[in-house]
Amino acid sequence: MNILLTGGAGFIGSNLARQLLKEGHQIICLDNLDTYYNPDHKWRNVQQTLNNRDYHFHEGDIRDSELVDTLFRTYAFDAVVHLAARAGVRPSVQDPALYYDVNVNGTLTLLQAMQRSGVSKMVFASSSSVYGDSPQVPFVETDTADRPLSPYAASKRAAELLCHTFHHLYGFDIFCLRFFTVYGPNQRPEMAISQFTDSILNGQAITVFGDGSTSRDYTYVDDIVSGIIRSLENLRGYEVLNIGGSDPISLADLIQVIERALGETAIINRLPMQPGDVQQTYADITKAAQLLGYQPTVRVEDGIQQFVDWYRARQDARFVMQ
Ligand code: NAD
């Protein structure tokens, strides 16, 4: 397939691009290398695939409809994988307008370009955050997910609804995948697992929000990539699907897993829970299993070990280069 991959320079996108190229697809990546975290990280991600002749990188903004239209005219896309977004729950509380603009208007720009060019297939990166503090645990897609606790969560839910509308009006095939906290190589540096690993290795205190009892359904990035590729292979109609590990772990236990993987002990600095944070996430993956044959394959202990090994190898490589 000829695939437009938005946000392909980011954490999930770069892992997905590598796998799609391995499977023989052509990838056109659109990413503005935004400054949410250091763009050098993203540029390093892009370099992992830049030499592949089936990979084309375009630096640009999904909200730039002229540019997006040009891409649709230049390449005969079979499908769009739309990952570009302002990610992160807590910063969205400080700047809701930016999150709305990138995540909602940006998605609308793409959907309209698809309509103009006759491309009708999209896999959209949504988020478990849309469930808020759902009373129904594990979270199941039949929940209306109408209680987002942060502007980020609301922007993802709004984008899902736009996807539904374009399915209804124009017969688009769209799967909205609700990812549950993703981790692994190329991870965003501001995410907890990256921050904890970095601080523990440097002998610095880690900041823990709350008493450690919050839990997250951590999902290894290879399982997310598998969920996206299976969606591309089965795209028909409009579906909302949980893609998670379905095996949540508390923050306190997660820290112990990281400590064991590093062979070091964390120094903990506690702060109150942050606005926008949810108490727990936990994916019911029955629907993804039935529709896609999706099953998570990486246990948190193994995934953290792989992340830590990758992190250390990257540090060593930098040391050698200096
Ligand atoms: P990321 O920040 O590493 O990747 C997002 C990419 O989008 C970045 O490379 C960024 O430069 C790009 N981007 C941002 N605004 C853009 C714009 N206006 N135009 C073009 N490109 C733009 O984040 P990620 O963790 O890889 O997340 C990928 C997607 O998955 C996002 O939509 C995110 O909301 C969603 N998601 C991620 C997680 C997670 O735990 N990582 C969980 C749920 C959902």
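Since this is a predicted model, take the numbers as computed values, not measurements.

With respect to the UniProt feature "domain: NAD-dependent epimerase/dehydratase" (unreviewed entry) in the protein
- In this numbering, the UniProt entry assigns the feature "domain: NAD-dependent epimerase/dehydratase" (unreviewed entry) to residues 3-244.
- Each end of residues 3-244 is marked by a C-alpha atom, and these two atoms are 24 Å apart; helix forms 42% of the span and strand 21%.

Quick word on the site of the ligand
- The environment of the ligand is made up of 29 residues, and the closest members are Asp31, Tyr37, Tyr152, Lys156 and Val182.
- Interatomic distance of 3.2 Å between a backbone N/O atom of Gly10 and an oxygen atom of the ligand.
- A distance of 3.0 Å separates a nitrogen atom of the ligand from a polar atom in the backbone of Ile62.
- When the ligand is considered free in solution it has 820 Å² of accessible area, and contact with the protein chains removes 98% of it.
- At the level of elements, α1 (11-22), β5 (121-127) and α6 (151-170) are the ones that each hand at least two residues to the shell around the ligand.
- Residues belonging to the shell around the ligand are distributed by class as follows: 15 nonpolar, 7 polar and 7 charged.

Some words on the environment of Ser120
- With respect to the secondary-structure elements, Ser120 resides in the loop between α5 (96-117) and β5.
- Sequence-distant contacts of Ser120, that is, excluding residues within four places in its chain, are made with Met114, Phe172 and Asp173.

Some remarks on the packing of helix α3 (residues 65-74) against α5
- Contact geometry for α3 and α5: axes closest at 10 Å, N-to-C directions at 40°. Taken together, the axes of α3 and α5 lie oblique to each other. Seen from above, α3 lies across α5 with right-handed handedness. Residues Ser65, Val68, Asp69 and Phe72 of α3 touch α5, and the partners they reach there are Thr109, Leu110, Ala113, Met114, Arg116 and Ser117.

Some details on α3
- For α3, the full list of buried residues reads Val68, Asp69, Leu71 and Phe72. Each buried residue of α3 sits inside an arc of 160° when the element is viewed along its axis, so together they form one side. Those residues of α3 that are exposed and angled more than 90 degrees off the buried face are Glu66, Arg73 and Thr74.
- Of the surrounding elements, those touching the buried residues of α3 are β1 (2-6), β2 (26-31), β3 (55-59), β4 (79-82) and α5.

Let's talk about the sheet that holds β5
- Read from one edge to the other, the open sheet built from 7 strands follows the order β3-β2-β1-β4-β5-β6-β11, with strand pairing classed as parallel. Each edge of the open sheet is held by one strand with a lone partner, namely β3 and β11 (238-243). Neighbouring strand axes in the sheet, compared pairwise and without regard to direction, differ in orientation by 20° on average.
- Bridge count for β1 against β4 is 4 bridges, and the pairing is parallel. Each bridged residue has a counterpart across the sheet, and for Leu5 the counterpart in β4 is Val81.

Thoughts on the packing of aromatic side chains
- Counting across every chain of the model gives 16 aromatic pairs.
- Pairing Tyr131 with Phe139 gives two aromatic rings, centres 4.8 Å apart and planes at 40°, and the pair type is tilted. Side by side, Tyr131 and Phe139 carry an identical accessibility label, which is buried.
- Following the ring pairs from residue to residue traces out a cluster consisting of Phe72, Tyr75 and Phe77.
- Geometry around Tyr37 places Lys42 over its ring, the cationic atom sitting 4.4 Å from the centre.

A closer look at the nonpolar core
- Counting 43 residues, the largest nonpolar core has Ile12, Leu16, Val81, Leu83, Phe179 and Ile228 as its most contacted members.
- For Val81, the residues in contact, after removing those within four places along its chain, are Ile3, Leu4, Leu5, Thr6, Leu16, Val123, Ile228 and Leu232.

A look at the pattern of salt bridges
- Counting across every chain of the model gives 14 salt bridges.
- Its salt-bridge partner being Arg86, residue Asp34 comes within 3.2 Å of it at the nearest N-O pair. Separated by 52 residues along the polypeptide, Asp34 in the loop between β2 and α2 (39-47) and Arg86 in the loop between β4 and α4 (90-94) bring together distant segments of the chain. Here Asp34 matches Arg86 in class, with each residue buried.
- One connected set of salt bridges, linked through shared partners, spans Asp34, Lys42 and Arg86.

Overview of the pairing of β3
- As judged from the 5 bridges shared by β2 and β3, these two strands associate in the parallel manner. The residue of β3 that forms the bridge with Ile27 is Tyr55.
- Read as a crossover between parallel neighbours, the route from β2 over α2 to β3 is right-handed.

Considering the environment of Ala97
- Note that Ala97 resides in helix α5.
- As for Ala97 and Pro151, which are separated by 54 residues in sequence, their C-alpha atoms are 8.5 Å apart.

Here's the deal with unusual backbone geometry
- Residues Val137 and Pro138 are joined by a peptide bond in cis, for which omega reads 0°.
- Residues other than glycine seldom take positive phi values, yet Asn186 does so here, at roughly 70°.
- Judged by its relative accessible area of 6%, Asn186 is buried.
- Positive phi, close to 55°, is recorded for Ser246, a residue that is not glycine.
- Considering the arrangement of structural elements, one finds Ser246 in the loop between β11 and β12 (249-250).
- Overall, the relative accessible area of 25% leaves Ser246 in the partly exposed class.

Reading the values: the criteria
Residues numbered from 1 in each chain as written. Predicted model: local features only at pLDDT ≥ 70, side-chain atom pairs only at ≥ 80, totals over all residues. Heavy atoms only, no water. UniProt positions renumbered as here; feature names shortened; annotations may be inferred. Helix = DSSP H or I, 4+ residues; strand = E, 2+ residues; numbered from the N terminus. Near = heavy atom within 4 Å. Polar contact = N/O pair within 3.5 Å; in protein donor to acceptor, adjacent residues only side chain to side chain. Areas by Shrake-Rupley, 256 points an atom, 1.4 Å probe, with all protein chains shown as cover. Nonpolar A, V, L, I, M, F, W, Y, C, P; charged D, E, K, R; others polar. Contact = heavy atoms within 4.5 Å. Axes fitted to C-alpha atoms, helices over the stretch in contact; angles between N-to-C directions. Parallel < 35°, antiparallel > 145°, perpendicular 65-115°, else oblique. Left-handed = near helix turned anticlockwise from the far one by under 90°. Buried < 20%, exposed > 50% of the residue type's maximum accessible area, 1.4 Å probe, protein only. Arc of directions from axis to C-beta. Pairing = 2+ DSSP bridges. Phe/Tyr/Trp six-rings, centres within 6.5 Å; stacked < 30°, edge-to-face > 60°. Lys NZ or Arg CZ within 6 Å of the ring centre and 35° of its normal. Core = buried A, V, L, I, M, F, W, Y, C linked by side-chain atoms within 4.5 Å. Salt bridge = Lys/Arg side-chain N within 4 Å of Asp/Glu carboxyl O. Right-handed = clockwise from strand over helix to strand, strands pointing away.

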